[in-house]
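# Tertiary structure, described
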Protein chains: 2
Amino acid sequence: MRDPKLTDAAVQAALALRAGWSLKDGMISRTFVFADFVAAMRFVNAVADAAEAADHHPDMDIRYNKVTLALTTHDSGGLTEKDFALAAQADTLVTVD
Amino acid sequence: MRDPKLTDAAVQAALALRAGWSLKDGMISRTFVFADFVAAMRFVNAVADAAEAADHHPDMDIRYNKVTLALTTHDSGGLTEKDFALAAQADTLVTVD
């Protein structure tokens, strides 16, 4: 079953809870900055594990020590709870050791 | 010491040896397609290890099972031998186990 697409109001409410994330072209994205490439890759792998477990995969752009995640739910044609759940999880993974 | 920027002729000669790579906006790039996200991430990590060892880091864009690498040498203001060396190495890492 497809996840229901969130209403604009629900998107705004969910976005208000996620500092650093912004909405553009039907996706939410955030750029995370790390000390170096190795720290950035550690984060990428932590997000990848979470993504695979959730079967929901963000776009990930790696620029040396910067990682941009972008999320949408293609099957639903827009943003769903799954996007905000994975965004919240990514936010907890910033300081992985 | 900065790596010397390659001449246009040298870039074209090096590019001719790298099937799948193309030149755009002073960078060389290639999109690699894998069976799934896990295989794509395995490649990303193999490239990351090679990049860290060479101290030369490609831009990496992950789209589920597709990974696009883009290379240039910012310090030299263009393409250098380092870019083509890492591109060649990435090509050997496609079928990592």
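Refer to the structure printed above.
Since the structure is predicted, the reported quantities are computational estimates derived from the model, not experimental observations.

### Here we look at helix α1 (residues 8-16) of chain A
All names here are of chain A. Of all the residues in α1, the buried ones are Val11, Ala14 and Leu15. Across the axial projection of α1, the buried residues extend over an arc of 100 degrees, all falling on one side. Among the exposed residues of α1, those pointing more than 90 degrees away from its buried face are Ala9 and Ala16. Buried residues along α1 sit against β1 (22-24), β2 (27-33) and α3 (81-92).

### As for the environment of Asp55(A)
Residue and element names in this part refer to chain A. With respect to the helices and strands, Asp55 occurs in the loop between α2 (37-54) and β3 (59-63). Of the residues examined, Asp55 reaches a relative accessible area of 56% and is grouped as exposed. Separated by 27 residues in sequence, Asp55 and Lys82 have C-alpha atoms that sit 9.6 Å apart.

### Comments concerning the interface of chain B and chain A
Each side of the interface is counted separately: chain B has 16 residues, and chain A has 16 residues. Summed over both sides, the interface of chain B with chain A buries roughly 1,400 Å², with 61% coming from carbon and sulfur. On the surface where chain B and chain A come into contact, there are four salt bridges. Across the salt bridge formed by Arg63(B) and Asp59(A), the nearest N and O atoms sit 3.4 Å from each other. Here the side of chain B that touches chain A gets eight residues from one element, more than from any other, and that element is helix α2 (residues 37-54) of chain B. Each residue belonging to the side of chain B that touches chain A can be placed in one class, and the counts come to ten nonpolar, two polar and four charged. Relative to strand β3 (residues 59-63) of chain B, β3(A) runs antiparallel, the two being bridged by three bridges. From the neighbouring strand, Ile62(A) faces β3(B), where its bridge partner is Met60(B).

### Some points on the environment of Glu81(A)
Residue and element names in this part refer to chain A. Mapping Glu81 onto the fold places it in helix α3. Glu81 gets classed as exposed once you look at its relative accessible area, which sits at 57%. Sequence spacing of Glu81 and Ala14 is 67 residues, and the spatial spacing of their C-alpha atoms is 8.7 Å.

### Some words on the side chain of Asp59(A)
Topologically, Asp59(A) is positioned in strand β3. Looking at Asp59(A), the relative accessible area reads 17%, which means it is buried. Of the polar contacts made by the side chain of Asp59(A), one reaches the side chain of Arg63(B); its length is 3.4 Å. In this structure, Asp59(A) is in contact with Met27(A), Thr68(A), Leu69(A), Ala70(A), Ile62(B) and Arg63(B), ignoring residues within four places of it in sequence.

### Topic: the sheet that holds β3(B)
Spatial strand order, β1(A)-β2(A)-β4(A)-β3(A)-β3(B)-β4(B)-β2(B)-β1(B): eight strands in an open sheet with antiparallel pairing. Only two strands of the sheet have a single partner each, and these edge strands are β1 of chain A together with β1 (22-24) of chain B. Averaged over all neighbouring strand pairs, the angle between strand axes comes to 25 degrees, with direction disregarded. Note: β2(A) against strand β4 (residues 66-71) of chain A, six bridges, orientation antiparallel. Bridge assignment links Ser29(A) to a residue of β4(A), and that residue is Ala70(A). Contacts from α2(A) reach β2, β3 and β4 of chain A together with β3 of chain B, with the element oriented near 170 degrees to β3(A).

What counts and what doesn't
- Residues numbered from 1 in each chain as written.
- Chains lettered and ligands numbered in written order.
- Predicted model: local features only at pLDDT ≥ 70, side-chain atom pairs only at ≥ 80, totals over all residues.
- Heavy atoms only, no water.
- Buried < 20%, exposed > 50% of the residue type's maximum accessible area, 1.4 Å probe, protein only.
- Helix = DSSP H or I, 4+ residues; strand = E, 2+ residues; numbered from the N terminus.
- Arc of directions from axis to C-beta.
- Contact = heavy atoms within 4.5 Å.
- Buried area = accessible area lost by both parts, 1.4 Å probe.
- Salt bridge = Lys/Arg side-chain N within 4 Å of Asp/Glu carboxyl O.
- Nonpolar A, V, L, I, M, F, W, Y, C, P; charged D, E, K, R; others polar.
- Pairing = 2+ DSSP bridges.
- Polar contact = N/O pair within 3.5 Å; in protein donor to acceptor, adjacent residues only side chain to side chain.
- Axes fitted to C-alpha atoms, helices over the stretch in contact; angles between N-to-C directions.

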